[in-house]
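Here's the letter readout for the chains.
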Amino acid sequence: MTDKPGSAVPCQPSIHAAGYSRAFRAVEIASITVYAAMMVALVARLVPYGSDFTWLLVAAFLCGFLAADFVSGFVHWLADTWGAVDMPVIGKALLRPFREHHIDPKAITRHDFIETNGSNCLISIPTACICLATPLGPGPWQAGRLFVATSLGAMILWVMATNQFHKWSHTDRPPTLVGWLQRAHLILPPAHHALHHRAPFTRYYSITVGWLNWPLDRLGFYPFLERLAAAALGAVPRSDDLGASAAWALAQEDAARREPAEPSLAEPR
Ligand SMILES: [Zn+2]
Ligand SMILES: [Zn+2]
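Residues numbered from 1 in each chain as written. Chains lettered and ligands numbered in written order. Predicted model: local features only at pLDDT ≥ 70, side-chain atom pairs only at ≥ 80, totals over all residues. Heavy atoms only, no water.

Attention shifts here to the coordination of the zinc ion (ligand 2). Bound to the zinc ion (ligand 2) on the protein side are His101 (NE2), His166 (NE2), His170 (NE2), His193 (NE2) and His197 (NE2), at distances that span 2.0 to 2.2 Å. For the zinc ion (ligand 2), all donor residues lie on one chain, and their spacing in sequence is H-x64-H-x3-H-x22-H-x3-H. Of this pair, His166 sits in helix α5 (residues 142-169) while His197 is found in the loop between α7 (190-194) and α8 (213-219), placing the two residues 31 residues apart along the sequence. (Donors = N, O, S within 2.8 Å, 3.2 Å for Na, K, Ca; no water. Helix = DSSP H or I, 4+ residues; strand = E, 2+ residues; numbered from the N terminus.)

What follows covers the coordination of the zinc ion (ligand 1). Note on metal geometry: ideal angles are 109.5 degrees for four donors arranged tetrahedrally and 90 or 180 degrees for six donors arranged octahedrally. Listed as protein donors to the zinc ion (ligand 1) are His76 (NE2), Asp80 (OD), His102 (NE2) and His196 (NE2); their distances from the metal cover 2.1 Å. Here the zinc ion (ligand 1) binds four donor atoms, and the angle range of 88 to 167° at the metal identifies the geometry as irregular. Within one chain, the residues donating to the zinc ion (ligand 1) are spaced in sequence as H-x3-D-x21-H-x93-H. Here His102 lies in helix α3 (residues 90-103) and His76 lies in helix α2 (residues 54-81), a separation of 26 residues in the sequence. Both residues of the pair, His76 and His102, belong to the buried class. (Tetrahedral: all angles 85-135°; square planar, octahedral: opposite > 155°, others 65-115°. Buried < 20%, exposed > 50% of the residue type's maximum accessible area, 1.4 Å probe, protein only.)

This part covers the nonpolar core. Grouped together as the largest cluster of nonpolar side chains are 21 residues, with contacts concentrated most on Tyr35, Ala68, Cys121, Met155, Ile156, Trp158 and Phe165. Looking at this core, the element that brings in the most residues is α5, giving eight residues. Setting aside anything within four residues of it in sequence, one finds Ile156 in contact with Tyr35, Met39, Ser124, Thr127 and Ala128. Core analysis: the next-biggest nonpolar cluster, separate from the first, contains nine residues, Leu42, Leu46, Tyr49 and Leu146 among them. (Core = buried A, V, L, I, M, F, W, Y, C linked by side-chain atoms within 4.5 Å. Contact = heavy atoms within 4.5 Å.)

Turning our eyes to something else, we now look at the environment of Met87. With respect to the secondary-structure elements, Met87 resides in the loop between α2 and α3. In this structure Met87 touches Lys92 and Leu95, once residues within four positions along its chain are discounted.

Attention shifts here to helix α1 (residues 22-46). Taking 1.5 Å of rise per residue, 25 residues should cover 36 Å, and α1 covers 36 Å from first to last C-alpha, within 8% of that figure. Listed in full, the buried residues belonging to α1 are Phe24, Glu28, Ser31, Ile32, Tyr35, Met38, Met39, Leu42 and Leu46. (Expected span 1.5 Å × (residues − 1).)

In total, this model carries 13 aromatic pairs according to the counting rule given. When the ring of Phe65 is compared with that of Trp211, the centres are 5.3 Å apart and the planes differ by 90°; the resulting orientation is edge-to-face. In this pair, Phe65 sits in helix α2 while Trp211 sits in the loop between α7 and α8, placing the two residues 146 residues apart along the sequence. On the basis of relative accessibility, which here comes to 38%, the residue Trp211 falls in the partly exposed class. (Phe/Tyr/Trp six-rings, centres within 6.5 Å; stacked < 30°, edge-to-face > 60°.)

With that out of the way, let us pick up unusual backbone geometry. Here the amide bond leading from Ala199 into Pro200 is cis, since omega sits at 10°, within 30 degrees of zero. Positionally, Pro200 belongs in the loop between α7 and α8. For Trp141, which is not a glycine, the phi torsion comes out positive at approximately 65°. Among the secondary structure elements, Trp141 is positioned in the loop between α4 (113-133) and α5. A positive phi angle, near 55°, is found at Tyr204, a position not held by glycine. On the basis of relative accessible area, Tyr204 is assigned to the buried category, the value being 9%.

This paragraph deals with the packing of α2 against helix α9 (residues 221-233). Describing two packed helices takes the angle between their axes plus the distance from one axis to the other. Running from N to C, α2 and α9 cross one another at 45°; their axes reach a closest spacing of 12 Å. By the criterion of interaxial angle, the relationship of α2 to α9 is oblique. Crossing angle aside, the handedness with which α2 passes α9 is right-handed. Contacts between α2 and α9 involve Phe70, Gly73, Phe74, Trp77 and Thr81 on the former and, on the latter, Phe221, Tyr222, Leu225 and Glu226. Split by residue class, the contact of α2 with α9 holds six nonpolar, two polar and one charged. (Axes fitted to C-alpha atoms, helices over the stretch in contact; angles between N-to-C directions. Parallel < 35°, antiparallel > 145°, perpendicular 65-115°, else oblique. Left-handed = near helix turned anticlockwise from the far one by under 90°. Nonpolar A, V, L, I, M, F, W, Y, C, P; charged D, E, K, R; others polar.)

Any link to function would need more than the numbers given here.
Here you go:
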């Protein structure tokens with residue numbers, strides 16, 4: 001795979017692209033419609049509190065942005081690492097686009113608005129229900145309730161925007177404003193995202209803005225989760241994406257790298 005996202009992969013139909021059915025496209029269209037209606041309803045509920053709780057709503061909005069960056073990375077890690085594309089429901093809806101993306105990083109730039117954004121609208125609908133069901137009026141914990149509804153609402157707004165930001169990071173000539181936002185690192189920059197596209201695709205999973213990639217990488221957050229899951233479930237990470245033997249070899253390599261070196265008895269003191 002190439003270092004620059006999508007730079008040298010021939011544009012040919014991906015094996016995973018065949019999994020995109022008309023039925024699922026209909027689900028995506030319905031999801032976008034429902035999601036948009038719910039977000040309009042949420043904004044209408046929050047607007048009356050804008051003047052009395054301005055800074056709380058701003059803080060909640062920014063927390064939602066960071067939460068979306070984390071969620072985008074966590075879901076991306078799950079989809080890249082575990083499961084198989086022929087699994088019911090999530091195989092087509094979630095795993096297929098991520099696996100297709102490693103094989104053909106430019107495919108995302110050929111997806112229209114519905115294919116780009118439908119899945120994220122679908123997975124955001126339960127959270128939108130929570131936002132709309134949260135009571136916002138005066139009473140105990142009003143500030144807390146407003147914070148929860150606003151931050152969750154902002155999170156799913158940025159989750160919805162994530163695939164679009166990701167698509168732009170692979171687009172050769174994005175719109176001028178988008179290029180400026182990428183250079184300012186206010187949305188996912190192409191050079192930053194290129195670090196994920198180095199095989200075996202085990203770093204820099206966050207794709208909303210990528211601010212959390214460096215700290216999570218330094219902490220070894222995802223390798224730690226993989227060791228926990230492998231120990232608990234006996235599963236080999238990436239066995240569907242890389243093939244069982246390649247994934248096993250990679251896991252062994254990782255384990256060997258982390259094992260402390262044995263002190264040599266013959267070594268002079
Ligand atoms: Zn990936
Ligand atoms: Zn990408």
